[in-house]
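# Inside the fold
Read off the chains here:
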Amino acid sequence: MNRPIDEYRELISNYESGLYTDIELISKTFAMLGEGEEEVWAESPEWVKAKIRDKLASIGDEDEFVSFSNRSSDEIRRQLLSLKSLLDSKGCLVVG
């Protein structure tokens, strides 16, 4: 069984080969980080990190989300705020 980081490296390789779009790579990166796969951050291209930083910086406790999946809006908000807190605690949201 592949480790998540190996799957992510393969995803990046496939993206570089043109098999995935920017938004697909960003979305998958968000998903893997949200599942607790922290090592994905170190492997992420800088432009992906910048997009994630920008998105997480704009999310607050009072934001409302609309979900088009089987997950509730509250669950999505909690997961994003948890990811924001985790990355912030590790200094990943600070550029430089």
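Residues numbered from 1 in each chain as written. Predicted model: local features only at pLDDT ≥ 70, side-chain atom pairs only at ≥ 80, totals over all residues. Heavy atoms only, no water.

Here the focus is the packing of helix H1 (residues 4–16) against helix H2 (residues 22–34). Think of two packed helices as two axes; the pair is described by the angle between the axes and how far apart they sit. Where H1 contacts H2, the two axes come as close as 10 Å, and the packing angle between them is 170 degrees. In terms of their interaxial angle, H1 and H2 are classed as roughly antiparallel. Note on element contacts: H2 touches H1 through Asp-22, Leu-25, Lys-28, Thr-29 and Met-32, opposite Pro-4, Tyr-8, Leu-11, Ile-12 and Tyr-15. Class assignment of the residues belonging to the contact of H1 with H2 gives a composition of 7 nonpolar, 1 polar and 2 charged. (Axes fitted to C-alpha atoms, helices over the stretch in contact; angles between N-to-C directions. Helix = DSSP H or I, 4+ residues; strand = E, 2+ residues; numbered from the N terminus. Parallel < 35°, antiparallel > 145°, perpendicular 65-115°, else oblique. Contact = heavy atoms within 4.5 Å. Nonpolar A, V, L, I, M, F, W, Y, C, P; charged D, E, K, R; others polar.)

Take the confidence of the model for the protein next. Looking at the protein as a whole, the pLDDT averages 86, with 90% of positions reaching at least 70. Mean pLDDT across the elements of the protein ranges from a minimum in helix H5 (residues 73–89), with 85, to a maximum in H1, with 95. (pLDDT = per-residue confidence, 0-100.)

To continue, consider the environment of Tyr-15. Structurally, Tyr-15 is set in helix H1. Between the alpha carbons of Tyr-15 and Leu-25 there is a distance of 7.0 Å; along the sequence they are 10 residues apart. Not counting the four nearest positions on each side in its chain, Tyr-15 is found in contact with Tyr-20, Thr-21, Asp-22, Leu-25 and Trp-47. Among the polar contacts made by the side chain of Tyr-15, one reaches the side chain of Asp-22 at a distance of 2.5 Å. (Polar contact = N/O pair within 3.5 Å; in protein donor to acceptor, adjacent residues only side chain to side chain.)

The next subject is the packing of helix H4 (residues 46–57) against H5. Direction vectors running N to C along H4 and H5 enclose 115 degrees, while the axes themselves pass 10 Å from each other. Judged by the sense of rotation from one axis to the other, the crossing of H4 with H5 is left-handed. Contact with H4, carried on its side by Ile-52, Leu-56 and Ala-57, involves Leu-80, Leu-83, Lys-84 and Leu-87 of H5 and no other residues of that element. Residues of the contact of H4 with H5, tallied by class, amount to 6 nonpolar, no polar and 1 charged. (Left-handed = near helix turned anticlockwise from the far one by under 90°.)

Now for the side chain of Thr-29. Summarising the element assignment, Thr-29 is placed in helix H2. Note on Thr-29: relative accessible area 0%, which makes it buried. Setting aside residues no more than four positions away along its own chain, Thr-29 makes contact with Tyr-8, Val-40, Ser-44, Val-48 and Ile-52. (Buried < 20%, exposed > 50% of the residue type's maximum accessible area, 1.4 Å probe, protein only.)

Moving on: H1. Here H1 spans 18 Å end to end across 13 residues, near enough to the 18 Å set by a 1.5 Å rise per residue. Considered for burial, the residues of H1 that qualify are Ile-5, Tyr-8, Leu-11, Ile-12 and Tyr-15. Looking straight down H1, one finds its buried side chains confined to an arc of 110 degrees; they lie on one side. Contact partners of the buried residues in H1: H2, helix H3 (39–43) and H4. (Expected span 1.5 Å × (residues − 1). Arc of directions from axis to C-beta.)

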